[in-house]
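This is what each chain is made of:
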Amino acid sequence: YNKLKEGELKSHLEVKMTESDLDPETGQPAVPEGSTISIKPKVTTVIPVIVRKGKGEYKATVSDAKLVVNSAAQPQVKAELSFSGNRSVLGDIKVTHIAPSGTETELAFFRGIAIYRGVAKRTAEVNLKVPDGINLRSGKLRVAFMSQEKEGGKVLSSKTITP
């Protein structure tokens with residue numbers, strides 16, 4: 001670790017569940033009697049592995065946001081996040097409705113949006129839970145990108161839109 005350059009190193013760990021025709025008790029190849037049908041899932045999980053040394057810097061900005069309302073689907077906010085820096089960030093998106101009277105109502109809290117170093121923009125689509133009595137077309141929507149790290153809950157950037 002001491003010989004690493006300062007900054008962030010990113011890799012990934014790939015875990016595969018493989019199929020096996022071995023008998024779990026004997027470890028020998030299983031020889032079925034008669035006809036058999038078996039379902040063998042092939043599952044792969046990829047986990048990002050990040051090592052950081054020294055002080056990293058980043059800037060994440062809600063560069064664009066818009067309300068998307070389809071008659072058949074749940075309303076959602078589509079937010080574009082711009083990113084720059086020498087390390088990745090993990091954050092949450094919070095969408096709040098601000099009524100003309102100033103009353104604020106949380107419509108969504110979407111956890112775990114990762115923006116990795118080297119990715120300049122990322123788009124997130126967040127479904128909204130709109131309580132009865134809230135008219136999305138009146139007032140404004142505030143879309144905030146918040147850090148999950150040491151300063152957890154700190155708003156890194158927000159954008160207020162008028163639908």
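Let us look at the structure shown here.

Definitions and cut-offs
Residues numbered from 1 in each chain as written. Predicted model: local features only at pLDDT ≥ 70, side-chain atom pairs only at ≥ 80, totals over all residues. Heavy atoms only, no water. Pairing = 2+ DSSP bridges. Helix = DSSP H or I, 4+ residues; strand = E, 2+ residues; numbered from the N terminus. Axes fitted to C-alpha atoms, helices over the stretch in contact; angles between N-to-C directions. Core = buried A, V, L, I, M, F, W, Y, C linked by side-chain atoms within 4.5 Å. Buried < 20%, exposed > 50% of the residue type's maximum accessible area, 1.4 Å probe, protein only. Contact = heavy atoms within 4.5 Å. Salt bridge = Lys/Arg side-chain N within 4 Å of Asp/Glu carboxyl O. Patch = residues over 30% accessible without salt bridge, like charges linked within 9 Å, V, L, I, M, F, W, Y side chains within 5 Å. Areas by Shrake-Rupley, 256 points an atom, 1.4 Å probe, with all protein chains shown as cover. Phe/Tyr/Trp six-rings, centres within 6.5 Å; stacked < 30°, edge-to-face > 60°. Lys NZ or Arg CZ within 6 Å of the ring centre and 35° of its normal.

**Overview of the sheet that holds strand 6 (residues 104–115)**
- Ordered by their spatial adjacency, four strands build an open sheet running 6-5-8-9, and the pairing between neighbours is antiparallel. Two strands close off the open sheet at either side, each with one partner strand: strand 6 and strand 9 (155–161). Sheet twist, expressed as the mean angle between neighbouring strand axes with direction ignored, is 15°.

**What about the sheet that holds strand 7 (residues 121–127)?**
- Reading across from one edge, 3-4-7 is the order of the three strands in this open sheet, with antiparallel pairing throughout. Edge positions in the sheet fall to strand 3 (58–68) and strand 7, since each of these pairs with one other strand and no more. Sheet twist, expressed as the mean angle between neighbouring strand axes with direction ignored, is 20°.
- Where strand 3 lies against strand 4 (residues 76–85), ten bridges are found, and the strand directions are antiparallel. Counterpart to Lys66 in the pairing with strand 4 is Lys78.

**Topic: the nonpolar core**
- Ranked by size, the top nonpolar core spans 23 residues in total, and within it Ile93, Val95, Leu128, Val143 and Phe145 carry the most contacts.
- Counting only elements with at least two residues in this core, the list comes to strand 3, strand 4, strand 5 (89–98), strand 6, strand 7 and strand 8 (140–147).
- Among residues more than four places away in sequence, those in contact with Val143 are Val62, Ala65, Val77, Ala79, Ile93, Lys94, Val95, Ser157, Ser158 and Lys159.

**A few points about the pattern of salt bridges**
- Applying the stated rule across the entire model yields eight salt bridges.
- Here Lys94 and Glu106 are joined by a salt bridge, their closest N and O atoms 3.8 Å apart. Of the two residues, Lys94 sits in strand 5 while Glu106 sits in strand 6, which places them twelve residues apart along the sequence.
- Look at Lys94 and you get partly exposed, because its relative accessible area is 27%.

**Side note on a nonpolar patch on the surface**
- A cluster of nonpolar side chains, namely Tyr1, Leu4, Leu9, Leu13, Val15, Ile47, Val49 and Val51, defines an oily patch on the protein surface of about 670 Å² accessible area.
- Checked against the element boundaries, Leu13 lands in strand 1 (residues 7–17).

**A word on the side chain of Thr96**
- Secondary-structure assignment places Thr96 in strand 5.
- With a relative accessible area of 5%, Thr96 lands in the buried category.
- Aside from chain neighbours lying at most four places away, what touches Thr96 is Glu104, Thr105, Glu106, Leu107, Lys140, Leu141 and Arg142.

**Here we look at the packing of aromatic side chains**
- One pass over the full model with this rule turns up one aromatic pair.
- Geometrically, the ring pair formed by Tyr58 and Phe83 is stacked, given 6.4 Å between the ring centres and 20° between the ring planes. Placement of the pair is Tyr58 in strand 3 and Phe83 in strand 4, with a sequence separation of 25 residues.
- Assessed through its relative accessible area of 22%, Tyr58 is described here as partly exposed.
- Among the residues examined, Phe83 registers a relative accessible area of 8% and is labelled buried.
- Here the guanidinium or amino end of Lys10 rests over the ring plane of Tyr116, the centre of that ring lying 4.5 Å away.

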